[in-house]
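Understanding the architecture of this molecule
Here are the chains, one letter per residue:
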Amino acid sequence: MTSAFLKFADLSLAFAKLLTVLIMVGMLISVLLGVFFRFVIPLPMAWPPEAARFLMVAVTMIGASVALRQLDHVGITLLVDMLPIRARGALYLFGNVMIAVFLLVFIWFSWRLTANMGPRQTSSSLGLNMTFAYASMPIGGLMMLIQLIAVSIEGWRRTKQNDSPFNQPLAL
C-alpha cells in the first residue's frame, strides 16, 4: 500500500515539476511582454502584470510541494540532532502531523473561497473568472499534503534504518 502511494506521489511530483516550469515560462513571457509594450513600444497593456501575479501565486503553491518533497524548506536541526534516532523520528512525525493539520484547514478554506467567491468575481484586466486564479491554492495545498505524506513515510523508513528522518534522501 505504501509503495503504491509513493509511486503516486512520485508521479504527482513529476507533474508538479513540469507544471512549475510551464508556469514560470508563462510568467516570464507575461513580464517580458509587459516590459516590452511599456518601455519599448509606449503602449502599455493592463493584463501582463495581473497575469504575472496570478501565475506567481500558482508557482508558489505548486512549487512548495516540490520543495516539501525534496526537503528543501529551511530547517535548523542543531538541537534535534542531539536526540536519539527514535526521538528524532517521533519529533519529525509530530511536526508533519501539525503541518498536515494546517494543510487540511488551508485546503478546506481555500476550496470554499474558490467555490463560493471565484464564480462571482472577474479579474479586472484579463476578464478571467477568479475561480481559475483561486484554484491554485486548494490544488497546491492538496499537492503539498500528498508530498508531506510521502516524506513522512520516507522519513519513518530512514528512522527504522537508524538514520535521521531529517536527512535528505540520496536519490529522488
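Shown above is the structure to which this text applies.
Described in the following lines is the structure provided in the data block. (Residues numbered from 1 in each chain as written. Predicted model: local features only at pLDDT ≥ 70, side-chain atom pairs only at ≥ 80, totals over all residues. Heavy atoms only, no water.)

**Quick look at helix H5 (residues 136–160)**
Put simply, the test is: To qualify as a helix, a DSSP run of H or I must reach at least 4 residues; to qualify as a strand, a run of E must reach at least 2; elements of each kind are numbered from the N terminus. Expected span, for any helix, means 1.5 Å times one less than how many residues it has. Note on exposure labels: buried denotes an accessible area under 20% of the residue type's maximum, exposed denotes more than 50%, and partly exposed covers the range between, all computed with a 1.4 Å probe on protein chains only.
The terminal C-alpha atoms of H5, which comprises 25 residues, lie 36 Å apart, in line with the 36 Å expected from a rise of 1.5 Å per residue. Counting buried positions along H5 yields 19 of 25 residues, so the element is predominantly enclosed. Just downstream of H5, Asn 162 is the residue with a positive phi angle, here 65°.

**Brief notes about the packing of helix H2 (residues 47–69) against H5**
Here is the rule: Comment: axis = line fitted to C-alpha atoms, over the contacting stretch for helices; angle = value between 0 and 180 degrees taken between N-to-C directions. In this scheme, roughly parallel covers angles under 35 degrees and roughly antiparallel covers those over 145, while 65 to 115 is roughly perpendicular and the rest are oblique. Residue contacts are defined here by distance: any two heavy atoms, one from each residue, within 4.5 Å place the two residues in contact. Classes in brief: Ala, Val, Leu, Ile, Met, Phe, Trp, Tyr, Cys and Pro nonpolar; Asp, Glu, Lys and Arg charged; the others, Gly included, polar.
Two elements in contact, H2 and H5, have axes whose closest approach is 8 Å; the angle formed by their N-to-C orientations is 5°. Here H2 lies roughly parallel to H5, going by the angle between them. Counting all contacts with H2, which are made through Val 57, Ala 58, Met 61, Ile 62, Ala 64, Ser 65, Leu 68 and Arg 69, the residues of H5 involved are Ser 136, Met 137, Gly 140, Gly 141, Met 143, Met 144, Gln 147, Leu 148, Ala 150, Val 151 and Glu 154. Split into classes, the residues belonging to the contact of H2 with H5 amount to 12 nonpolar, five polar and two charged.

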